[in-house]
Every structure is written in C-alpha cells, then in structure tokens.
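Single-letter residue listing:
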Amino acid sequence: MAAKHSIPPIVYKLLIVVATIIWGLSFVVMKDSIDSMEPAWLIGVRFLITAALLTIFLWPSVKVSLNRRDLIKGAILGVLLFLAYWTQTVGLAFTTPGKNAFLTATYCVMVPFMYWLLAGRRPTVYNLVAAVLCVAGMALVSLTGGPLSLEFGDLMTLVCAVFFGLHIVCVGRFTENANVLGLTVFQFWAMGICGVLLGAAIEPAPQLSALTSDFIFNMIYLVVFASCIALVIQNVALAHIPPAQASLLLSLEAVFGVVFSVLLYGESLTVRLVMGFILIFGAIVLSEVFPLKRTTQEAPSEGEREENEAATAVLSQVAVQADLLSGDTMAAGELEELLIGKV
C-alpha cells in the first residue's frame, strides 16, 4: 500500500479528466444509440448488463449488503436515477448533445436549494448568485423560439436535472452506515428493471435488426467505459483530491459534451449558445467550488462546522452523473485495492 502514496496528485487529477472525457463522449453515443433502441429499453439493457458485471466483480460487498434495508435504499435510489436517465434520454432525442450536457449539469446548482427545503440548511450567497447565473444561462440556451418558448427536449432535460438533484439528496441520506458499493449495484439493478418494465409498457420491443455492429459498439462503450471504467477511475482519484478541485474537474463533463457534439455530431455553436454555456458553467463552478473553499479558510462554530461538513459531502458528489460513490474515500480505497490485486 505504500506505493499508492508515491503517485503524484497530478495523476489522480488526470484520471478525473479522463472520466469526464468518457462521460462527455457518452452524450453523442447515447444520441446515436436512441436511433436504434427506445430510451427506456436502452437504459434497461445498459444498466442490467452493468449491474451483472459489477455484481460479479464486487460480489463480496454485494453479499454483505443483501439485507432488506439496503435493498430498499438501493431500489429507491435506482428509481430516482432511472427517472433522471430516462427523461435525459428522451430529451436527448429532441435536442443536441451539447445542450443536453449543459442543461443536465444545472442540477449542480439545484442541490443546495433542495437541501434547504428538506434539511433546513440555507444556501450560501454563492449558491444564490449561481442560481441567477444558471437561470440566465438556461434562458439563453433553451428559449430560442421566443420569450416564452421552451423546446420539449430542453424541458425534459431540465426535468432530468431535478431528478439528478433529488438522487444526490437521497444519496446523502441513505449512504450513512451502509455499504456504498453494495448500494451502487442494487441501484443499477433497479434502474435496469425499471427500464425493461417501462419499455415493455409504453415502447415498441427492440428489433433484432437494430442490433447492428455500430449499436453493439455503442452499448459496449456505455456499459464498459461510461458505467464501469469511468466509475472506478473517478472514485480511485477522489480519494486523493480535495473536494473543491474534484468538483471543478468534474464540471468539465459538460464542456467535453459540447466539444464532442461539435466535432462528431455537427452541432452549430451560436454566440447565444456559447454565452449560455459560459453562464451555466460559471454557475456550476461558483456553486461547487467557492463554498468548499470557504470551509477551509474560516474557523466556524460547532454548528457551522456540522453544516459545512454536510455541504462538503454533498458538493463533492454533485458533479457525478451516474453513481453513488462520489467523494466516498473508503469505497474508492476498496476499488483501488481491488484494481491492484490487494483484496
């Protein structure tokens, strides 16, 4: 284990960037995939395969968590995250990958206000300013057809941001005294089951003709790279990076989403869109990084310290799109040991 501490911090920061690149590209891959399979079916198949793979590789943690309490928590988290992914994917069918990426990322700004409503922890002045910037940015990105016109794809993407925010809030509540790796696997099983059930109820069944080589490649990318590899490398890195720096680096996911949308999907960037993206990105950075910096620079009272610790735990998770493990150093350590063969 001593060799682990000799790795320079820059390596872990680069790992975070690699994860955001993988997730940024996934917006374009998902856009291509929904041409072959309906959204609910696509999410169902993707996460059933992901859950099966992680069950195999993380079986010791899964076995420990096979109890009624953790299964219920995993099911609730899975339903919330499924609704987030489903509305995001439906929205992606009617908007561009770049807009989908940035509008999804607005949940970073929503989370502090959700905690205010549910836990009584008031947002900071940074959160308030970030909310104003975010609303202005969303208006520039989405209200393109008139002052009160909101495109369906953008609306569904904003709904998905709400569900991502609720998921983060529940993560903060449910992961106390729980095996995070086990909850993550149960969450993915719930997402897969929800996708298949909803797909069977409201969508046409997938056709064998849709299983082209391109679709199979896309599914391999989404399952292996976006859902498994990125999850592992992100959480290994989060054990060695301060939350403020990690949040800032994770915010690059939306930026890479736009970059790949322009390069591979052919999305056109207008001045209005660019200004909207800049305002949203600025809001994300302001909401995530500055409150964390404040907690390290001041000597708060006991009550403030408890609130700051809660804020740090939440904000270190906020930029993560698909998993429960963000900011959980114990889980990251377990994953790192698994990767290097120590367990």
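1. As for the packing of aromatic side chains
Think of a pair of aromatic rings as described by two things: how far the centres are apart, and how the planes are tilted against each other in angle.
Okay, so step 1: In the structure shown here, the tally under the stated rule is 7 aromatic pairs.
Okay, so step 2: A ring pair is formed by Phe 102 and Phe 277, whose centres lie 4.5 Å apart and whose planes are at 20°; its orientation type is stacked. A residue pair is termed long-range when its members are at least 10 positions apart, and Phe 102 in helix 5 (residues 97-104) and Phe 277 in helix 13 (residues 271-297) qualify at 175 residues.
Okay, so step 3: Looking at Phe 102, the relative accessible area reads 4%, which means it is buried.
Okay, so step 4: Each member of the aromatic cluster is reached from another via a ring pair, and the members are Phe 47, Tyr 85, Tyr 107, Phe 164 and Phe 188.

2. A closer look at the side chain of Thr 157
Okay, so step 1: Within the element layout of this structure, Thr 157 appears in helix 8 (residues 152-174).
Okay, so step 2: Exposure remark for Thr 157: the relative accessible area of 0% places this residue in the buried category.
Okay, so step 3: Apart from the residues lying within four places of it in its own chain, the contact partners of Thr 157 are Thr 87, Gly 91, Thr 95, Asn 100, Leu 103 and Thr 104.

3. Remarks on the confidence of the model for the protein
Okay, so step 1: Of all residues in the protein, 80% attain a pLDDT of 70 or more, and the chain-wide mean is 79.
Okay, so step 2: Low confidence marks residues 306-343, where pLDDT is under 50. Its contacts with residues over four positions away, or in another chain, come to 107 contacts.

4. Here we look at helix 4 (residues 68-92)
Each α-helix winds once per 3.6 residues, and so residues spaced three or four apart point in a common direction.
Okay, so step 1: The end-to-end C-alpha separation of helix 4 is 35 Å, in line with the 36 Å expected for 25 residues at 1.5 Å each.
Okay, so step 2: A distance of 3.3 Å separates the backbone nitrogen of Arg 69 from a side-chain oxygen at the start of helix 4, and that oxygen is part of Asn 67.

5. A short note on the pattern of salt bridges
Okay, so step 1: Using the criterion set out here, one finds 3 salt bridges in the structure.
Okay, so step 2: Between Asp 70 and Arg 69 there is a salt bridge, with the nearest N and O atoms lying 3.4 Å from each other.
Okay, so step 3: The buried category is assigned to Asp 70, whose relative accessible area is 2%.
Okay, so step 4: We classify Arg 69 as partly exposed; its relative accessible area is 45%.

6. Things to note about the side chain of Thr 106
Okay, so step 1: You can see Thr 106 is positioned in the loop between helix 5 and helix 6 (107-119).
Okay, so step 2: Apart from residues lying up to four places away in sequence, Thr 106 is in contact with Cys 134, Met 138, Leu 158, Ala 161 and Ile 280.

7. Some details on a nonpolar patch on the surface
Okay, so step 1: Taken together, the side chains of Val 259, Val 262, Leu 263, Leu 264, Leu 269, Val 271, Val 274, Met 275 and Ile 278 make up a nonpolar region of the molecular surface, amounting to roughly 800 Å² of accessible area.
Okay, so step 2: Every element with two or more residues in the nonpolar patch is listed here: helix 12 (252-265) and helix 13.
Okay, so step 3: Following the sequence through the fold, Leu 269 ends up in the loop between helix 12 and helix 13.

8. What about helix 6?
Okay, so step 1: Over its 13 residues, helix 6 runs 17 Å from end to end, which matches the ideal 18 Å to within 8%, given 1.5 Å per residue.
Okay, so step 2: Of the residues trailing helix 6, Gly 120 is marked for its positive phi of about 75°.

9. Concerning the environment of Lys 31
Okay, so step 1: Assignment of secondary structure puts Lys 31 in helix 1 (residues 9-33).
Okay, so step 2: Classification of Lys 31 by relative accessible area gives buried; the value is 10%.
Okay, so step 3: Along the sequence, Lys 31 and Pro 97 sit 66 residues apart, while their C-alpha atoms lie 6.8 Å from each other.
Okay, so step 4: Excluding residues within four positions of it along the chain, Lys 31 makes contact with Leu 92, Ala 93, Phe 94, Thr 95, Pro 97 and Tyr 265.

Cut-offs applied
- Residues numbered from 1 in each chain as written.
- Predicted model: local features only at pLDDT ≥ 70, side-chain atom pairs only at ≥ 80, totals over all residues.
- Heavy atoms only, no water.
- Phe/Tyr/Trp six-rings, centres within 6.5 Å; stacked < 30°, edge-to-face > 60°.
- Helix = DSSP H or I, 4+ residues; strand = E, 2+ residues; numbered from the N terminus.
- Buried < 20%, exposed > 50% of the residue type's maximum accessible area, 1.4 Å probe, protein only.
- Contact = heavy atoms within 4.5 Å.
- pLDDT = per-residue confidence, 0-100.
- Expected span 1.5 Å × (residues − 1).
- Polar contact = N/O pair within 3.5 Å; in protein donor to acceptor, adjacent residues only side chain to side chain.
- Salt bridge = Lys/Arg side-chain N within 4 Å of Asp/Glu carboxyl O.
- Patch = residues over 30% accessible without salt bridge, like charges linked within 9 Å, V, L, I, M, F, W, Y side chains within 5 Å.
- Areas by Shrake-Rupley, 256 points an atom, 1.4 Å probe, with all protein chains shown as cover.

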